[in-house]
Amino acid sequence: KNEVEQSPQNLTAQEGEFITINCSYSVGISALHWLQQHPGGGIVSLFMLSSGKKKHGRLIATINIQEKHSSLHITASHPRDSAVYICAVEETSGSRLTFGEGTQLTVNP
Amino acid sequence: EPEVTQTPSHQVTQMGQEVILRCVPISNHLYFYWYRQILGQKVEFLVSFYNNEISEKSEIFDDQFSVERPDGSNFTLKIRSTKLEDSAMYFCASSQGGAGYYGYTFGSGTRLTVV
């Protein structure tokens, strides 16, 4: 069983739709990271969470530590949001990141 | 916005050759990392480096791999004798601190192809 599970694996949406990507993990963590990877391969950090909720523009990330679950929401999605969104956890035993498989998001105009 | 810089962006090498991948982390960061992503797979941790020594390494990071911070600015990953299965995107990352208090900044990656 993977330590970090994301769902869905693939998501296609129409421009303007509200998007939710889910992440569950099985280990004790000090933080959870949401990252974005574009087709060229580069990774951009979106959020780091250890509790509660964070918002940046149209992106919202939430985490429930008791349930070991996090969600990334995108409001009013746009074609430029098309990318792979990756959940990664920083375990309490160290600072290394353990990555999920990623969610490929495609937003059509 | 400070950046983590990786060079080269692409490298093609013959099997059995040595390669050095270079990274310049953000100047006030203290923790440095190498990750790799084989095509179509998830990103995997290789090694973390703090205070001029390896702080953690994965099972992947065997004797053919080594890391170095030779001059206080560069952070290098050396693969001694490359194998076909070393073909991957290698990401360098740095952080101001560890364990959940500071975010990561990733470089844009080096795509290594072993032929």
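Residues numbered from 1 in each chain as written. Chains lettered and ligands numbered in written order. Predicted model: local features only at pLDDT ≥ 70, side-chain atom pairs only at ≥ 80, totals over all residues. Heavy atoms only, no water.

What to know about the packing of aromatic side chains
Move 1: The full count for this structure, using the stated rule, is 13 aromatic pairs over all chains.
Move 2: When the centroid spacing of 5.6 Å and the interplanar angle of 65 degrees are considered together, the rings of Y35(B) and F45(B) count as edge-to-face. Here F45(B) lies in strand β5 (residues 44–50) and Y35(B) lies in strand β4 (residues 31–37), a separation of 10 residues in the sequence. With respect to class, Y35(B) is no different from F45(B); both count as buried.
Move 3: Ring pairs connect the aromatic residues F99(A), Y33(B), Y35(B), F45(B), Y104(B) and F106(B), which therefore count as one cluster. (Phe/Tyr/Trp six-rings, centres within 6.5 Å; stacked < 30°, edge-to-face > 60°. Helix = DSSP H or I, 4+ residues; strand = E, 2+ residues; numbered from the N terminus. Buried < 20%, exposed > 50% of the residue type's maximum accessible area, 1.4 Å probe, protein only.)

Considerations on the environment of G41(A)
Move 1: Looking at the secondary structure, you find G41(A) in the loop between β4 (29–37) and β5 (43–49).
Move 2: Here G41(A) falls in the buried class, since its relative accessible area comes to 6%.
Move 3: Along the sequence, G41(A) and R58(A) sit 17 residues apart, while their C-alpha atoms lie 23 Å from each other.
Move 4: Excluding anything up to four places from it in sequence, G41(A) contacts M89(B) and F91(B). (Contact = heavy atoms within 4.5 Å.)

Re the side chain of D86(B)
Residues and elements named next belong to chain B.
Move 1: For D86, the location among the structural elements is in the loop between β8 (75–79) and β9 (88–95).
Move 2: No salt bridge is formed by the buried D86; its nearest oppositely charged neighbour, R36, is found at 4.2 Å.
Move 3: There is a polar contact of 2.8 Å between the side chain of D86 and the backbone nitrogen of K83. (Lys, Arg positive; Asp, Glu negative; His and termini not counted. Salt bridge = Lys/Arg side-chain N within 4 Å of Asp/Glu carboxyl O. Polar contact = N/O pair within 3.5 Å; in protein donor to acceptor, adjacent residues only side chain to side chain.)

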